[in-house]
Amino acid sequence: MEPCQKRNGDRIRRLERLIEISRSLNSTLSLRPLLYQIVLAAQEITDTEACSILLVDRKSGQLYFEEATNLPGVHSIVVPMEGSVAGWVVQTGQSLVVPDAQADPRFDFSSKADEQSTFTTRSILAIPLIFREQVIGVLEAINKQGGTPFIPEDVEMLAVLGDQAAVAVQNALLFQQSDLIAEIVHEMRTPLNSIIAYADLMRRPTIMDVQRLQFAEIIQDEAERISEMTNNFLELARLKSGRAALAQDLVEVSTVIRMAMDVLRPQADAKQIVFSIDVPPNLPNVRGDAQRLHQVMLNLLSNAIKYCRPGDNVTVSTRCQEDQLVVSVADTGPGIPTDALSSIFERFYRVPGAESQVVGTGLGLAITQQIVEAHGGQIGVESEEGEGATFTFTLPVQQ
Ligand SMILES: Nc1ncnc2c1ncn2[C@@H]1O[C@H](COP(=O)(O)OP(=O)(O)OP(=O)(O)O)[C@@H](O)[C@H]1O
Ligand SMILES: [Mg+2]
């Protein structure tokens, strides 16, 4: 075979392997295993003795060694922006080949790092990890096997891997930082653990049929709670991220209120809660998402029903104030303790004590607030313990 043909064959094989590796990078969202996968891949692709990945900490702006192959003990070392290869790459956003690291006076950090380990850095190829035009880290390949110099193809290959790696790392970082996800996982743990425990109990031979039925019901209830939580949570995440497209209907708020009351009247009647409505005629319309405003009313009214006692009253009233429509849902129920008022719209928050008696996910008011704010309005609550609660929200009037 001609040398040129052989080189082309090698290049195609390297590219194929690179594509294979790049695909596998998207299979994990956990940061540590992902970083290790990246350095292993970088070492294979560049045929080097060691590889490392460094990330820029978003908060402090410092550069940290995160993971490496064949470089024990480098994890979590802070690398200075001045006097280091990685720092140079972060600052310039360009890749860099250092053919003789020991002789290059610009990068004394590499030789200092070598002094602390048994490793000797001879040559370095470093490329920036760029996501949305920002350098989020650096991928370094150290010492080409056999002492040969880095060739342009190495730079090209590592750059392609770096592009894929940057996206995968960014996704993993976002996933790690998303407190929304952390919270849902946390909140789902309780119902999941109880499902596991009851399913386990059901399998015991000594369990009576009545008990088994009871356990099956608990499992079903808990599974339904998880299902509702996921639906609510997805809606909340959509609203928070601004990805939820709100319809722009011309909405007659009095109709929305009456429809929501009609839906919940059977539940109110069953609990002997008296619904009343105080809406003046000729209220101006608002521009917005009728479906979601209906949801707002359902959430507030269903809370009133859930937390009130038989014989309590729930009154919905509206008025116009300057260019705002003001809607209040007032109940004569147990009210909300003063120290809980500031947390009431937080996701998953439920007033301690009340939550054990009434089922709920603690997401209703968080969703309600998001919907109202997405319409350009505001929501608040006034309450004193034992004196009922009044939720009031505003919506800008359609001029
Ligand atoms: N009208 C009310 N009277 C008394 N407490 C209330 C009232 N409305 C809400 N709360 C308190 O606020 C908490 C949060 O309400 P939110 O609607 O967000 O969640 P939830 O009703 O517990 O669950 P869900 O997600 O199913 O609506 C409730 O758990 C309850 O403790
Ligand atoms: Mg609720």
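Up top is the structure.
Residues numbered from 1 in each chain as written. Chains lettered and ligands numbered in written order. Predicted model: local features only at pLDDT ≥ 70, side-chain atom pairs only at ≥ 80, totals over all residues. Heavy atoms only, no water.

This part is about the overall build of the protein. A tally of regular secondary structure across the protein gives eleven helices and 13 strands. For a compact globule of 399 residues, the expected C-alpha radius of gyration is about 21 Å, and the protein comes in at 31 Å, more than 25% above that figure. Overall size of the protein, expressed as C-alpha extent along the three principal axes, is 90 × 70 × 45 Å. Burial analysis of the protein (399 residues in total) assigns 44% to the buried set. Contacts spanning at least 24 positions in sequence make up 63% of the contacts within the protein whose residues lie at least 6 apart. Total accessible area on the protein is roughly 21,600 Å²; 52% of this is exposed by carbon and sulfur atoms. (Helix = DSSP H or I, 4+ residues; strand = E, 2+ residues; numbered from the N terminus. Rg over C-alpha atoms; globule rule 2.2 N^0.38 Å. Buried < 20%, exposed > 50% of the residue type's maximum accessible area, 1.4 Å probe, protein only. Contact = heavy atoms within 4.5 Å. Areas by Shrake-Rupley, 256 points an atom, 1.4 Å probe, with all protein chains shown as cover.)

Here we take up the sheet that holds strand S12 (residues 379-383). Think of a sheet as strands paired side by side through backbone hydrogen bonds, with each pair either parallel or antiparallel. Pairing within the open sheet is mixed, and its five strands lie in the order S8-S10-S11-S13-S12. Each having just a single partner strand, strand S8 (274-278) and S12 make up the two edges of the open sheet. Averaged over all pairs of adjacent strands, the angle between strand axes in this sheet comes to 15 degrees, irrespective of strand direction. Strand direction decides the pairing type here: strand S10 (residues 313-321) and strand S11 (residues 324-331), joined by eight bridges, are antiparallel. (Pairing = 2+ DSSP bridges. Axes fitted to C-alpha atoms, helices over the stretch in contact; angles between N-to-C directions.)

Phi at Asp-47 takes a positive value of approximately 55 degrees, unusual for a residue other than glycine. If you trace the backbone, Asp-47 turns up in the loop between helix H2 (31-46) and strand S1 (48-56). Positioned with a positive phi, Glu-133 is a non-glycine residue whose angle comes to about 65 degrees. Examined against the element boundaries, Glu-133 turns out to sit in the loop between strand S5 (124-131) and strand S6 (134-144).

Let us now look at the environment of Ile-305. Along the polypeptide, Ile-305 turns up in helix H9 (residues 290-307). Judged by its relative accessible area of 4%, Ile-305 falls in the buried class. With 31 residues separating them along the chain, Ile-305 and Val-274 place their C-alpha atoms 9.4 Å apart. Residues contacting Ile-305, with those up to four places away along its chain left out, are Leu-264, Gln-267, Ala-268, Lys-271, Ile-273 and Phe-275.

The next subject is the pattern of salt bridges. Taken as a whole, this structure holds 14 salt bridges when the rule is applied. The partner of Glu-49 in a salt bridge is Arg-122, with the nearest N and O atoms 3.2 Å apart. Pair noted here: Glu-49 is in strand S1 and Arg-122 is in the loop between helix H4 (108-115) and S5, with a separation of 73 residues, a long-range link. A relative accessible area of 35% means that Arg-122 is categorised as partly exposed. Of the charged contacts in the structure, one is a salt bridge between Asp-289 and Arg-292, with a shortest N-O distance of 3.2 Å. (Salt bridge = Lys/Arg side-chain N within 4 Å of Asp/Glu carboxyl O.)

Each aromatic ring pair is characterised by the separation of its centres together with the angle its planes make. For the structure on display, the rule yields three aromatic pairs. Ring centres of Tyr-198 and Phe-215 lie 5.1 Å apart, and the angle between their planes is 50 degrees; this geometry places the pair in the tilted category. Placement of the pair is Tyr-198 in helix H6 (residues 179-202) and Phe-215 in helix H7 (residues 209-241), with a sequence separation of 17 residues. With a centroid separation of 6.2 Å and 20 degrees between ring planes, the pair formed by Phe-233 and Phe-348 is classed as stacked. Of this pair, Phe-233 sits in helix H7 while Phe-348 is found in the loop between helix H10 (338-341) and helix H11 (364-374), placing the two residues 115 residues apart along the sequence. (Phe/Tyr/Trp six-rings, centres within 6.5 Å; stacked < 30°, edge-to-face > 60°.)

Not every one of the 18 residues close to ligand 1 is listed here, only the nearest: Asn-303, Tyr-307, Arg-350, Thr-361 and Leu-365. In this structure, Tyr-307 approaches ligand 1 through a side-chain N or O atom, which is 2.8 Å from an oxygen atom. Isolated, ligand 1 exposes 600 Å² of accessible area, and the fraction of that covered by the protein chains is 95%. Secondary structure elements with two or more residues in the shell around ligand 1: H9 and H11. Considering each element in turn, the shell around ligand 1 owes the most residues, four residues, to H9. Each residue belonging to the shell around ligand 1 can be placed in one class, and the counts come to nine nonpolar, six polar and three charged. (Near = heavy atom within 4 Å. Polar contact = N/O pair within 3.5 Å; in protein donor to acceptor, adjacent residues only side chain to side chain. Nonpolar A, V, L, I, M, F, W, Y, C, P; charged D, E, K, R; others polar.)

The next subject is the sheet that holds S6. Strand order across the open sheet formed by six strands is S3-S2-S1-S6-S5-S4, with antiparallel pairing between neighbours. Each of the sheet's edge strands pairs with one partner strand only, and the pair in question is strand S3 (78-79) and strand S4 (96-98). Here S4 runs beside S5; their pairing, made up of three bridges, is antiparallel. Counted as the bridge partner of Leu-96 is Ala-126 from S5. Its contacts with the sheet place H2 against S1, strand S2 (63-69), S5 and S6, and it is angled at close to 140 degrees to S1. Seen against the sheet, helix H3 (residues 85-92) touches S1, S2, S3, S4, S5 and S6 and runs at an angle of roughly 140 degrees to S6.

Over its 16 residues, H2 extends 22 Å from the first C-alpha to the last, a length consistent with the 22 Å expected when each residue adds 1.5 Å. Looking at the residues trailing H2, positive phi occurs at Asp-47, about 55 degrees. (Expected span 1.5 Å × (residues − 1).)

The subject of this paragraph is the nonpolar core. Judged by nonpolar contacts, the single largest core of 58 residues is most densely connected at Met-297, Leu-301, Ile-336 and Phe-393. No fewer than three residues from each of domain 2 (179-244) and domain 3 (246-396) sit in this core. Residues contacting Leu-301, with those up to four places away along its chain left out, are Ala-260, Met-261, Leu-264, Phe-275, Val-314, Val-316 and Val-329. By size, the runner-up hydrophobic cluster in this structure holds 31 residues, among which are Ile-53, Ile-127, Leu-139 and Ala-166. (Core = buried A, V, L, I, M, F, W, Y, C linked by side-chain atoms within 4.5 Å. Domains from an automatic or database assignment.)

A separate point is the packing of H9 against H11. For the pair H9 and H11, the least separation of the axes is 9 Å and the interaxial angle reads 145 degrees. Of the two elements, H9 crosses H11, and the hand of that crossing is left-handed. Across the interface between the two elements, Arg-292, Gln-295, Val-296, Asn-299, Leu-300 and Asn-303 from H9 touch Gly-364, Leu-365, Ile-367, Thr-368, Ile-371 and Val-372 from H11. Residue composition of the contact of H9 with H11, grouped by class: six nonpolar, five polar and one charged. (Left-handed = near helix turned anticlockwise from the far one by under 90°.)

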